Amino acid sequence: MAREPMAEDDKPPVAVVTGAGRGIGRAIALELAAHGFDLCLAARTSVELAETRSQSGLEAKRSLIVLADLADEDSADALIETALEHFGRIDVLVNNAGWAPARTPLAKMALADLDRIIAVNLRAPIVLARLALPQMIKRGAGAIVNIASMAGRNNAPGEAAYAAAKAGLIAFTHACFAEVRDAGVKVAVIVPGLVDTSLIPNNKRMDRSLMLRPEEVARAVLQVIDAPAGVCPIELAIEPQRTPIR
């Protein structure tokens, strides 16, 4: 499928996907590969990234693997620099990587966990967008898609810091869109409800069959990418048809 705003030459468009080793990130990477994208796959675990690459069917030249712990302040710079050196441009940046400990009252949360929540879920997407935007603006094309969570809207107890980070990511998306909308660059945030991944622990009160599938989030990302820049949805909320919690 052609990506007419992005295909400036005969080369395939390039997408950077963080948290691409499993779950939602892997589903997004596979969806993009199936629609003709070259991929820069970023996560902390090489074995999982190699499996994503294998499932994508892309050869190594078209599927760059970058080990990155986005809690590290230098990791965002290294990721974007490596992607640009390898592919020459970035057409799509998907900020999917996220992290949260088990639900913990704020008064009992370790400071290291608080710092990691903010670094991975909020600081890293902002820094990655800042680094990827100049070459998108110069070309007058590109898309940044942030993956948030309904936690940023629902404010559940035990998730104060995580909810704040995801709410911040939503607010950042709206402000960033306002900055670059006239440059032809799309910026959007996907806000999914509960998604059936390994990050959701088993719970007798949950019917996992009613949760969203990672592939549904991936299709929402593709919907943003396919939308014309002028009518790109800034915020796209997707919920299961029924609540999975009894």
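Residues numbered from 1 in each chain as written. Predicted model: local features only at pLDDT ≥ 70, side-chain atom pairs only at ≥ 80, totals over all residues. Heavy atoms only, no water.

(A) Spatial organisation of the state of the cysteines. Throughout the structure, instances matching the rule amount to zero disulfides. Counting only cysteine sulfurs, C232 is the nearest neighbor of C176, a cysteine outside any disulfide, at a range of 11 Å. Classification of C176 by relative accessible area gives buried; the value is 5%. Given a relative accessible area of 7%, C232 falls into the buried group. (Disulfide = S-S within 2.5 Å. Buried < 20%, exposed > 50% of the residue type's maximum accessible area, 1.4 Å probe, protein only.)

(B) Spotlight on the packing of aromatic side chains. Tallied over the entire structure, the rule returns zero aromatic pairs. Positioned above the aromatic ring of W99 is the side chain of R116, whose terminal nitrogen or guanidinium carbon lies 5.6 Å from the ring centre. (Phe/Tyr/Trp six-rings, centres within 6.5 Å; stacked < 30°, edge-to-face > 60°. Lys NZ or Arg CZ within 6 Å of the ring centre and 35° of its normal.)

(C) Just the nonpolar core, in detail. V16, C40, L79, L93, L128, M136 and I144 are the most contacted members of the largest nonpolar core, which has 42 residues in total. Going through the elements one at a time, strand 1 (14-18), strand 2 (38-43), strand 3 (63-67), helix 3 (75-87), helix 4 (111-139), helix 6 (160-180) and strand 6 (186-192) are the ones with two or more residues in this core. If sequence neighbours within four positions are ignored, V16 has contacts with C40, L79, A83, I90, V92, L93 and V94. Core analysis: the second largest hydrophobic core is formed by 34 residues, A27, A29, L41 and V224 among them. (Core = buried A, V, L, I, M, F, W, Y, C linked by side-chain atoms within 4.5 Å. Helix = DSSP H or I, 4+ residues; strand = E, 2+ residues; numbered from the N terminus. Contact = heavy atoms within 4.5 Å.)

(D) Highlighting the sheet that holds strand 4 (residues 92-95). Taken in spatial order, the seven strands of this open sheet run 3-2-1-4-5-6-7, and their pairing is parallel. On the outer flanks of this sheet lie strand 3 and strand 7 (235-238), each paired with one strand and no other. Sheet twist, expressed as the mean angle between neighbouring strand axes with direction ignored, is 15°. In this structure, strand 2 lies alongside strand 3, joined through five bridges in parallel fashion. (Pairing = 2+ DSSP bridges. Axes fitted to C-alpha atoms, helices over the stretch in contact; angles between N-to-C directions.)

(E) Highlighting the pattern of salt bridges. What the rule picks out here adds up to six salt bridges. With a shortest N-O distance of 2.3 Å, R62 and D38 are connected by a salt bridge. Of this pair, R62 sits in the loop between helix 2 (46-56) and strand 3 while D38 is found in strand 2, placing the two residues 24 residues apart along the sequence. Here R62 falls in the partly exposed class, since its relative accessible area comes to 26%. Two residues, R103 and E159, come together in a salt bridge whose shortest N-O distance is 3.0 Å. In this pair, R103 is assigned in the loop between strand 4 and helix 4 and E159 in the loop between helix 5 (151-154) and helix 6, connecting sequence segments 56 residues apart. For E159, a relative accessible area of 19% corresponds to the buried category. When salt bridges with common partners are traced through the structure, they connect R89, D91 and R139 into a single cluster. (Salt bridge = Lys/Arg side-chain N within 4 Å of Asp/Glu carboxyl O.)

(F) View of a negative patch on the surface. On the surface, D72, E73, D74, D77, E81 and E85 cluster together to form a negatively charged patch. Turning to its location among the elements, D72 is positioned in the loop between strand 3 and helix 3. (Patch = residues over 30% accessible without salt bridge, like charges linked within 9 Å, V, L, I, M, F, W, Y side chains within 5 Å. Areas by Shrake-Rupley, 256 points an atom, 1.4 Å probe, with all protein chains shown as cover. Lys, Arg positive; Asp, Glu negative; His and termini not counted. Charge placed at Lys NZ, Arg CZ, Asp CG, Glu CD.)

(G) Spatial organisation of the confidence of the model for the protein. For the protein, per-residue confidence averages 90 on the pLDDT scale, and 92% of positions sit at 70 or higher. The low-confidence segment residues 1-5, where pLDDT is below 50, has nine contacts with residues more than four positions distant or belonging to other chains. (pLDDT = per-residue confidence, 0-100.)

(H) Layout of helix 6. When the terminal C-alpha atoms of helix 6 are compared, their 30 Å separation across 21 residues agrees well with the 30 Å that a helix rising 1.5 Å per residue should span. By the burial criterion, the buried members of helix 6 are A161, Y162, A163, A165, K166, L169, I170, F172, T173, C176, F177 and V180. Tucked inside the fold, the buried residues of helix 6 contact helix 4, strand 5 (143-147), helix 5, strand 6 and strand 7. (Expected span 1.5 Å × (residues − 1).)

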